[in-house]
Amino acid sequence: MKNKILYGAIIINSINNEIAWFVVDRKYRGMGIGEILLKKSLEDLDSKKDIFVQTFASDINEGFSARKLYEKYGFKDEKNSGKNPAGKPTVIMKLASQ
């Protein structure tokens, strides 16, 4: 069996109309993989309802690229969401319904 490479993954929750998990392997960031995954997930979620995602707060460097991508697609900070399991502050971002 040939080795398989997982460049990134995205999991959506269509019941809550949210992106539940989103990651791109560090080695493959900056190559457009995240944008492809995000665009596909937005096609599969209901744009007639608000779409949500939990991500790092704006002052957390690890989340800069993800936040920049979400903002490019119109997401805005909605509310603070406490700390993640690693102790990093997070926020809920919302893409308003269209």
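Everything here concerns the structure above.
Here is a short report on the structure shown in this document. (Residues numbered from 1 in each chain as written. Predicted model: local features only at pLDDT ≥ 70, side-chain atom pairs only at ≥ 80, totals over all residues. Heavy atoms only, no water.)

1. Observations regarding the nonpolar core
Ile19, Tyr70 and Phe75 are the most contacted members of the largest nonpolar core, which has 14 residues in total. Those elements giving two or more residues to this core turn out to be helix H1 (33–44), strand S3 (51–56), helix H2 (64–72) and strand S5 (89–95). Top element by residues in this core is S5. It accounts for 3 residues. Beyond its immediate sequence surroundings of up to four residues, Ile19 is in contact with Ile10, Ile11, Ile12, Leu38, Ser41, Leu45, Phe52, Val53, Gln54, Tyr70 and Phe75. (Core = buried A, V, L, I, M, F, W, Y, C linked by side-chain atoms within 4.5 Å. Buried < 20%, exposed > 50% of the residue type's maximum accessible area, 1.4 Å probe, protein only. Helix = DSSP H or I, 4+ residues; strand = E, 2+ residues; numbered from the N terminus. Contact = heavy atoms within 4.5 Å.)

2. Here's the deal with the side chain of Asn17
Relative to the elements of secondary structure, Asn17 occurs in the loop between strand S1 (8–13) and strand S2 (18–24). Judged by relative accessible area, Asn17 falls into the buried class, the value being 4%. Engagement of the side chain of Asn17 in a polar contact is seen with the backbone oxygen of Lys49, the distance being 3.5 Å. Beyond its immediate chain neighbours, meaning those up to four positions away, Asn17 contacts Leu45, Asp46, Lys49, Asp50, Ile51 and Phe52. (Polar contact = N/O pair within 3.5 Å; in protein donor to acceptor, adjacent residues only side chain to side chain.)

3. Things to note about the layout of surface pockets
Reported here for the largest pocket is a volume of approximately 1,100 Å³. Taken together, 34 residues form the lining of the largest pocket, with Phe22, Val23, Thr55, Phe56 and Ala66 sitting closest to its centre. Secondary-structure elements contributing two or more residues to the lining of the largest pocket are S2, H1, S3, H2 and S5. Here the lining of the largest pocket is built from residues that sort into 18 nonpolar, 10 polar and 6 charged. (1 Å grid on protein atoms, 1.4 Å probe; cavity = no way out; pocket = protein on both sides within 12 Å on 5 of 7 lines; lining within 4 Å. Points joined across faces, edges and corners; volume = space filled by probe spheres on them. Nonpolar A, V, L, I, M, F, W, Y, C, P; charged D, E, K, R; others polar.)

4. Regarding the packing of H1 against H2
As a packed pair, H1 and H2 sit with axes 11 Å apart at the nearest point and diverge in direction by 45 degrees. Judged by the angle between their axes, H1 and H2 are oblique. Classified by chirality, the crossing of H2 by H1 is right-handed. Across from Gly34, Glu35 and Leu38 in H1, the residues of H2 making contact are Leu69, Tyr70 and Lys72. (Axes fitted to C-alpha atoms, helices over the stretch in contact; angles between N-to-C directions. Parallel < 35°, antiparallel > 145°, perpendicular 65-115°, else oblique. Left-handed = near helix turned anticlockwise from the far one by under 90°.)

5. Let's talk about the packing of aromatic side chains
How two aromatic rings sit relative to each other is given by the distance of their centres and the angle of their planes. Considering all chains together, one arrives at 3 aromatic pairs under this definition. Chaining the aromatic ring pairs together yields one cluster made of Phe22, Tyr70 and Phe75. (Phe/Tyr/Trp six-rings, centres within 6.5 Å; stacked < 30°, edge-to-face > 60°.)

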